[in-house]
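Descriptive structure summary
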Amino acid sequence: MEKFEGCPGSRMMDFKKTDEANTGPAVGKIKSQLTQWPIQMHLINPSAPYYQGADVLLTADCVAYALGDFHRDYLKDKSIAIACPKLDQGQDVYLEKIKAWIDEAKINTLTVLIMQVPCCGGLLNLAQQAADGAKRKVPIKYVVVGVQGEILQEEWAAA
Amino acid sequence: MDEYFNKGIKEIIEKFPEVEDVLNDYDIGCGPCNVGICLLKDIVAIHRLPEDQERQLMARIAKAIDPDRDIRIPRAEKKITAKSEELKYSPPMKKLVDEHVLIKRWLALIPEVVENLDVESEEGRRLILEGIDMIRSYADKYHHAKEEDILFKYFDEEADIIKVMHEDHTHGRSLVKEMLAALDKRDAKTIAANLMAYRELLTEHIRKEDEILYPWMDNQLSTHQVGELFSKFGEVDRQIDVSPGKYEVFIDQLEQKFAPQEG
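What you see is a predicted model, and the numbers here were worked out from it, not measured in a lab.

This part covers the overall build of chain A. Looking only at helices and strands, one finds four helices and five strands in chain A. Reading the helices (α) and strands (β) of chain A from amino to carboxyl end gives β-α-α-β-α-β-α-β-β. Within the span of chain A, comprising 159 residues, buried residues form 35% of the whole. Long-range contacts, defined here as pairs at least 24 residues apart, represent 71% of the contacts in chain A between residues at least 6 apart.

Next comes the structure, spelled out in structure tokens:
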């Protein structure tokens, strides 16, 4: 029987020995691609102008720390909101805000970025539940990010 | 080898027939294509083989073109098949693939329709007209129009693969036109021949789209473009005067009519 090591979402891991980040190509100062404020799901207004007809990212809090190229590869040209499906309270408000993105702000697409840890799947479920309850349909993409920043899965879910 | 990379596949196969067998081994069915203007380099890129298989394919083609050259053919790590994984489409592409399902059900019924072709009775002629309406309204106006008026505009329409798709659509339309003329003359032979030719044309056309064109397009489209396409396809569905339900009923009834009798 394997030794129980606790919740995979909070298990301690040390990546220093496999660190390849410092051996990549040298780059200058990286410009932020963030074009709005606020970004936390409780604080955002789903009717804000930058969500109207936008390609929206719903990103788990940890993603931007794990994914080295988050700004260039994912945030560029998108609007964003962040949330933690494990720790945030009052997520029924999130459900209504996602529905409002779809039906009222008439967003173009929704991309849900989550970490590989099991608890993060809750954010994708929340997005799908909101989409199922919305009157409009939009394409939903999900991206699963490994704890060392690798893209484990990137697929379109059914609209 | 580089000079052949930029040549049309038909020209290459005519000169080196073994290339067709090599391509077949990787489920790349260029041999029967009657256009064959796609460049070898585009065909290799569009099929998105795993890297080791692509290297092996290129080495085998090089060997077929120049057998005397000492070319080491690398071993593919995975089993040779371009369709080892289930294809996953973006929502707008999935919509087009789903629309193919009803067209494929109609194509499957064509041999029975041809076998029972009746140009003399009113009922027989009505069935032929309903079949032609299925082709013109559902397959062409409802489905192909989404491709020609919307989807293809996102790509270089001069690209060989898009030209081939346009040519298939045009060929289908000319077969339909001939069928209508033949129906006026009670010419059952021409109607039967054209229905079978349409079946063959569309079967191969749909296979190319489902397995090659749409996955390739999905790879090229940005997230923003996928959202736009989805929205534009939805707009067409809301505005077009074609009811898919009508054609589902037609196909359901035809399937029941030609279903094997039990007992």
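Picking up after the structure, the text goes on.
The next point concerns the overall build of chain B. Helices and strands together make up the secondary structure of chain B, namely eleven helices and zero strands. In terms of overall dimensions, chain B has C-alpha extents of about 70 × 45 × 40 Å along its principal axes. Considering chain B as a whole, with its 263 residues, one finds that 26% of them fall into the buried category.

A word on the interface of chain B and chain A. Size of an interface, as often reported, equals the accessible area lost when the parts are brought together. Contacts between the two partners involve ten residues from chain B and, on the opposite side, twelve residues from chain A. Examining the composition of the side of chain B that touches chain A, we find that seven residues originate from one element, helix 10 (residues 223-239) of chain B, more than from any other. Taken together, the residues that form the side of chain B that touches chain A break down as three nonpolar, five polar and two charged.

All names here are of chain B. As a packed pair, helix 6 (residues 91-115) and helix 11 (residues 244-258) sit with axes 10 Å apart at the nearest point and diverge in direction by 35 degrees. The handedness of the crossing between helix 6 and helix 11 is left-handed. On helix 11, the residues that touch Leu 102, Arg 105, Trp 106, Leu 109 and Glu 112 of helix 6 are Tyr 247, Glu 248, Ile 251, Leu 254, Glu 255 and Phe 258. Residues of the contact of helix 6 with helix 11, tallied by class, amount to seven nonpolar, no polar and four charged.

With that out of the way, let us pick up unusual backbone geometry. Trans peptide bonds make up most of the peptide bonds, and negative phi angles are found at most residues other than glycine. Cis peptide bonds are those with omega within 30 degrees of zero, and the linkage from Trp 37 of chain A to Pro 38 of chain A qualifies with 0 degrees. In the Ramachandran plot, Lys 106 of chain A falls in the positive-phi region, its phi being about 50 degrees despite a non-glycine side chain. The residue Lys 106 of chain A is located in the loop between helix 3 (91-103) and strand 3 (109-115) in this model. In this structure, Arg 186 of chain B takes a positive phi of about 55 degrees despite not being glycine. Summarising the element assignment, Arg 186 of chain B is placed in the loop between helix 8 (160-184) and helix 9 (188-220). For Arg 186 of chain B, a count of 10 C-beta atoms within 10 Å puts it in the exposed group.

Before going further, it helps to examine the environment of Val 164 of chain B. With respect to the secondary-structure elements, Val 164 of chain B resides in helix 8. Through-space distance from the C-alpha of Val 164 of chain B to that of Leu 39 of chain B is 12 Å; in sequence the pair is 125 residues apart.

Right, let's talk about the sheet that holds strand 3 of chain A for a bit. Residue and element names in this part refer to chain A. Read from one edge to the other, the open sheet built from five strands follows the order 2-1-3-4-5, with strand pairing classed as mixed. Only two strands of the sheet have a single partner each, and these edge strands are strand 2 (79-83) and strand 5 (151-157). The mean angle between the axes of side-by-side strands here comes to 15 degrees, regardless of whether they run parallel or antiparallel.

Here we take up the domain arrangement of chain B. All names here are of chain B. Assigned domains within chain B: domain 1 (2-65) and domain 2 (91-258). Look at where the C-alpha atoms of domain 1 and domain 2 centre, and you get two points 28 Å apart. At the interface, nine residues of domain 1 touch ten residues of domain 2.

With that settled, the discussion passes to the nonpolar core. Side chains that are nonpolar tend, in soluble globular proteins, to be buried together. Val 112, Ile 114, Leu 123 and Ala 127 of chain A are the most contacted members of the largest nonpolar core, which has 46 residues in total. Top element by residues in this core is helix 4 (residues 121-133) of chain A. It accounts for six residues. Of all hydrophobic cores here, the second largest spans 25 residues; its members include Ile 13, Val 19, Leu 49 and Ile 61 of chain B.

Procedures and definitions
Residues numbered from 1 in each chain as written. Chains lettered and ligands numbered in written order. Predicted model: local features only at pLDDT ≥ 70, side-chain atom pairs only at ≥ 80, totals over all residues. Helix = DSSP H or I, 4+ residues; strand = E, 2+ residues; numbered from the N terminus. Buried ≥ 20, exposed ≤ 12 C-beta atoms within 10 Å, placed from the backbone. Contact = placed C-beta atoms within 7 Å. Nonpolar A, V, L, I, M, F, W, Y, C, P; charged D, E, K, R; others polar. Axes fitted to C-alpha atoms, helices over the stretch in contact; angles between N-to-C directions. Left-handed = near helix turned anticlockwise from the far one by under 90°. Pairing = 2+ DSSP bridges. Domains from an automatic or database assignment. Core = buried A, V, L, I, M, F, W, Y, C linked by C-beta atoms within 7 Å.

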